[in-house]
Amino acid sequence: MREVWDTLPVLAQDIAMAAALLLPLVVIGTALLRGFRPMPLVRALLWRFRWANVMFILLIAVSTGMGIGLIAQERGLRIGTARAAEKFDLVVAAPGSELTLMLASVFLQPSAVPLLDGAAYDRIASHPRVEIAAPIAFGDSYAGAPVVGTIEDFVTYLSDGQIEGRIFARTGEAVIGAAIDLDIGDHFTPAHGEGGAAEGDAHEGFEIVVVGRMARSGSPWDRAILIPVETVWEVHGLANGHPFADGDRIGPPFDPALFPGTPAVIVRASELWANYALRSEFTEAGETMAFFPGTVLANLYRVMGDVRRAMQIMSIVTQVLVAASVLLGLFILSRLFQRQLAMLRALGAPRRFVMAVVWGYGVTLLAAGTALGVALGFASAAVLSRIVTVRTDILVSASITWSEVNLALAFLSATSLLSLVPALVVLMRPIVENLRQ
């Protein structure tokens, strides 16, 4: 049986799981409603106590929607961060925290990290298996956007060659990310530092002109301003990596003796398999550290996976509490119309018919709340995605999948079973006593 299940397509497995979750509901409904038409009475009860019913539906919808939205958002964030890091095969830096260096070099989070010297960079760039060895220089910003120094080949690779305008060709020129509020031809003066500590007048008199704009990538680099790494060094009074006789030349090769240093080098190997050899070769005790951002993210996802399980448990606990509240509410609501039900029984209505009315009433509330909850979950995931995208510059696109739908169906099926309890309690009450009330 397991072998047959594993051979089914994923969609078929999801549909089969949904059908299995709904099976108890279908079986109970068939057994109770067979031969009867209780829905006119159910509709009358729904309208008679409409405001109480609306409150119950909203309670169910909010609890279901919160759980679905948070779980979907966590998955969307994982996908978004993985997409943002897909261009960064290998990062080489000075020994330190891989997570800190990944956040700094891939996600452009400001961090104080040690620098690699010219000899280390030259050893990386001159390796026969290295196609691109891009030094990264941080430290400046403009209007809250990081100004990053790098080389032309990396900008072309990062943007897949899709640049409006042109690539920078000399110091003092910049290629901006798709989300930067500047136009080609605009001039700006960078501030020294980032965030609240930025010094706006530190580079007064120095201007950079925008010559190109990268296509949107859905990564934090959409809000980055890329300039030649030589520009960053020069504006801070450092050597630019080239002999004076080279004039205004930018880009590699750099003179190791005139190389001021770089926090990290983004490496692209000539062949995919070579990345593993390069990681081993560039991980030298006390000198350099090479790591795959994807591996660091995988470790981070493992932690997020624990968070996801915790969120699922919290969602289930919330659903259980809501189910208990719904069960209590059905008891209360059944007390409101117990006189009408007693009249039905006194007129000779079959016990199964009365039970079908009470159960159908409860399941209608549960089904409406669950359906509205899935819709609220979808809406909340979309809103949270926009907020996270704006705050992190990582394109997050959360959507509701079969996993969330099946979670909602499991809640509906379980609470539908519990709805039999109020229906049975109604039948156990004496008819005369209920008529008197």
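Residues numbered from 1 in each chain as written. Predicted model: local features only at pLDDT ≥ 70, side-chain atom pairs only at ≥ 80, totals over all residues. Heavy atoms only, no water.

Some details on the overall build of the chain
Argument step 1. Along its length, the chain carries 15 helices and 11 strands.
Argument step 2. Counting all 437 residues of the chain, 45% fall into the buried class.
Argument step 3. Counted over contacts in the chain with a minimum sequence separation of 6, partners at least 24 positions apart contribute 77%. (Helix = DSSP H or I, 4+ residues; strand = E, 2+ residues; numbered from the N terminus. Buried < 20%, exposed > 50% of the residue type's maximum accessible area, 1.4 Å probe, protein only. Contact = heavy atoms within 4.5 Å.)

Things to note about the pairing of strand 8 (residues 208-214)
Argument step 1. Counting buried positions along strand 8 gives 6 out of 7 residues, so the element sits mostly inside the fold.
Argument step 2. Relative to strand 8, strand 4 (residues 163-165) runs antiparallel, the two sharing 3 bridges. Considered in strand 8, the bridge of Ile-163 is made with Met-214.
Argument step 3. Sheet topology places strand 5 (residues 173-176) next to strand 8; 4 bridges connect them, and they run parallel. Bridge assignment links Ile-176 to a residue of strand 8, and that residue is Arg-213. (Pairing = 2+ DSSP bridges.)

Some points on the confidence of the model for the chain
Argument step 1. Confidence along the chain averages 81 in pLDDT terms, with 87% of residues attaining 70 or more.
Argument step 2. The least confident element of the chain, judged by mean pLDDT, is helix 15 (residues 431-436) at 57; the most confident is strand 9 (residues 225-228) at 92. (pLDDT = per-residue confidence, 0-100.)

Focus: the packing of aromatic side chains
Argument step 1. Tallied over the full model, the rule gives 10 aromatic pairs.
Argument step 2. Judged by centre distance (5.7 Å) and plane angle (70°), the ring pair of Tyr-121 and Phe-254 falls under edge-to-face. In this pair, Tyr-121 is assigned in helix 6 (residues 118-125) and Phe-254 in the loop between helix 8 (229-235) and strand 10 (264-269), connecting sequence segments 133 residues apart. The burial state of Tyr-121 is the same as that of Phe-254; both residues are buried.
Argument step 3. Here the aromatic residues Tyr-121, Trp-233, Phe-254 and Phe-259 are joined through ring pairs into a cluster of three or more.
Argument step 4. For the cation-ring pair, Arg-50 lies above Trp-47, with the distance from its terminal atom to the ring centre recorded as 4.1 Å.
Argument step 5. We note Lys-87 situated over the ring of Tyr-157; from NZ or CZ to the ring centre the distance is 4.7 Å. (Phe/Tyr/Trp six-rings, centres within 6.5 Å; stacked < 30°, edge-to-face > 60°. Lys NZ or Arg CZ within 6 Å of the ring centre and 35° of its normal.)

Structural notes on the nonpolar core
Argument step 1. Counting 72 residues, the largest nonpolar core has Phe-107, Ile-124, Phe-154, Trp-221, Ile-225 and Val-267 as the members making the most contacts within it.
Argument step 2. The biggest single contributor to this core is strand 2 (residues 130-142), with 6 residues.
Argument step 3. Ignoring sequence-local partners within four residues, the contact set of Phe-154 consists of Phe-88, Ala-134, Ile-136, Trp-221 and Ile-266.
Argument step 4. Grouped together as the second largest cluster of nonpolar side chains are 26 residues, Phe-49, Ala-356, Tyr-361 and Ala-423 included. (Core = buried A, V, L, I, M, F, W, Y, C linked by side-chain atoms within 4.5 Å.)

Brief notes about the pattern of salt bridges
Argument step 1. A full pass over the atoms with the stated rule returns 9 salt bridges.
Argument step 2. Between Arg-129 and Glu-271 there is a salt bridge; the shortest N-O distance is 2.8 Å. You can see Arg-129 sitting in the loop between helix 6 and strand 2 and its partner Glu-271 sitting in the loop between strand 10 and helix 9 (274-282), a full 142 residues away along the chain.
Argument step 3. Among the residues examined, Arg-129 registers a relative accessible area of 34% and is labelled partly exposed.
Argument step 4. Across the salt bridge formed by Glu-173 and Arg-170, the nearest N and O atoms sit 2.7 Å from each other.
Argument step 5. The class of Glu-173 is buried, set by a relative accessible area of 5%.
Argument step 6. Given the relative accessible area of 45%, Arg-170 is considered partly exposed.
Argument step 7. Salt bridges here are not isolated pairs; linked through shared partners, they connect Asp-89, Glu-131 and Arg-268. (Salt bridge = Lys/Arg side-chain N within 4 Å of Asp/Glu carboxyl O.)

Considerations on the environment of Leu-376
Argument step 1. With respect to the element layout, Leu-376 can be found in helix 12 (residues 351-392).
Argument step 2. You can call Leu-376 partly exposed: its relative accessible area is 37%.
Argument step 3. Counting along the chain gives 310 residues from Leu-376 to Met-66, while the straight-line C-alpha distance between them is 7.8 Å.
Argument step 4. The contact partners of Leu-376, leaving out residues within four places of it in the chain, are Ala-61, Val-62 and Gly-65.

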